[in-house]
Amino acid sequence: QVQLVESGGGLVQAGGSLRLSCAASESSLIIDVMGWYRQAPGMPRELVAIINGLGDTHYGDSVKGRFTISRDNASKNTVYLQMNSLLPKDTAVYYCNALGLGYASEYWGQGTQVTVSS
């Protein structure tokens with residue numbers, strides 16, 4: 001069973017930065033797309049950012065210009081989310097997501113809490 005292991009969440013003041021990491025438990029797994037989603041209390045889960053194997057990226061409108069997604073060059077099965085200029089509205093549980101070869105399989109991390117205080 002493939003697992004996505006997340007780290008890097010925590011509490012930060014508004015204007016601060018955090019870096020999230022996510023690594024797949026199986027390095028041999030072929031992953032087409034990796035990304036981050038988030039869910040605030042009482043709200044639906046929303047896209048934060050995704051990146052494919054070519055390095056093409058897509059961001060949710062609310063984080064453009066503040067967040068940067070990247071994949072590890074050595075291990076394509078590791079993804080990072082650099083979050084700058086954090087706002088209280090960024091407070092949510094952040095989930096790592098991965099789509100396997102041909103989008104035939106999908107995996108989710110357990111979620112990591114990000115809390116931004118005003």
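In the block above lies the structure referred to throughout.
Every value quoted in this text rests on a predicted model; they were computed, and no experiment measured them.

**Concerning the environment of Ile-50**
Logical step 1: Its location among the elements puts Ile-50 in strand β5 (residues 46–52).
Logical step 2: The class for Ile-50 is partly exposed, based on a relative accessible area of 25%.
Logical step 3: Along the chain, Ile-50 and Ile-69 lie 19 residues apart, while their C-alpha atoms are 7.0 Å from each other.
Logical step 4: The residues contacting Ile-50, other than those within four sequence positions of it, are Val-33, Met-34, Gly-35, Tyr-37, Asp-56, Thr-57, His-58 and Ile-69.

**Thoughts on the sheet that holds strand β1 (residues 4–7)**
Logical step 1: Taking strand neighbours across the sheet as the criterion, the four strands line up as β1-β3-β8-β7 in an open arrangement whose pairing is antiparallel. Each edge of the open sheet is held by one strand with a lone partner, namely β1 and β7 (67–71). Neighbour to neighbour, the strand axes of the sheet diverge by 15° on average, direction disregarded.
Logical step 2: Bridging between β1 and strand β3 (residues 18–24) involves four bridges; their strand directions are antiparallel. Bridging across to β3, Leu-4 finds its partner in Ala-24.

**Comments concerning the state of the cysteines**
Logical step 1: One pass over the structure, following the stated rule, counts one disulfide.
Logical step 2: What pairs with Cys-22 in a disulfide is Cys-96, and their sulfur atoms sit 2.0 Å apart. One quick way to see it: the torsion about the S-S bond of Cys-22 and Cys-96 is about -85°, and its sign makes the bridge left-handed. Remark: Cys-96 occurs in strand β9 (residues 92–100) and Cys-22 occurs in strand β3; sequence separation between them is 74 residues.
Logical step 3: By relative accessible area, which is 0% here, Cys-96 ends up buried.

Rules and cut-offs
- Residues numbered from 1 in each chain as written.
- Predicted model: local features only at pLDDT ≥ 70, side-chain atom pairs only at ≥ 80, totals over all residues.
- Heavy atoms only, no water.
- Helix = DSSP H or I, 4+ residues; strand = E, 2+ residues; numbered from the N terminus.
- Buried < 20%, exposed > 50% of the residue type's maximum accessible area, 1.4 Å probe, protein only.
- Contact = heavy atoms within 4.5 Å.
- Pairing = 2+ DSSP bridges.
- Axes fitted to C-alpha atoms, helices over the stretch in contact; angles between N-to-C directions.
- Disulfide = S-S within 2.5 Å.

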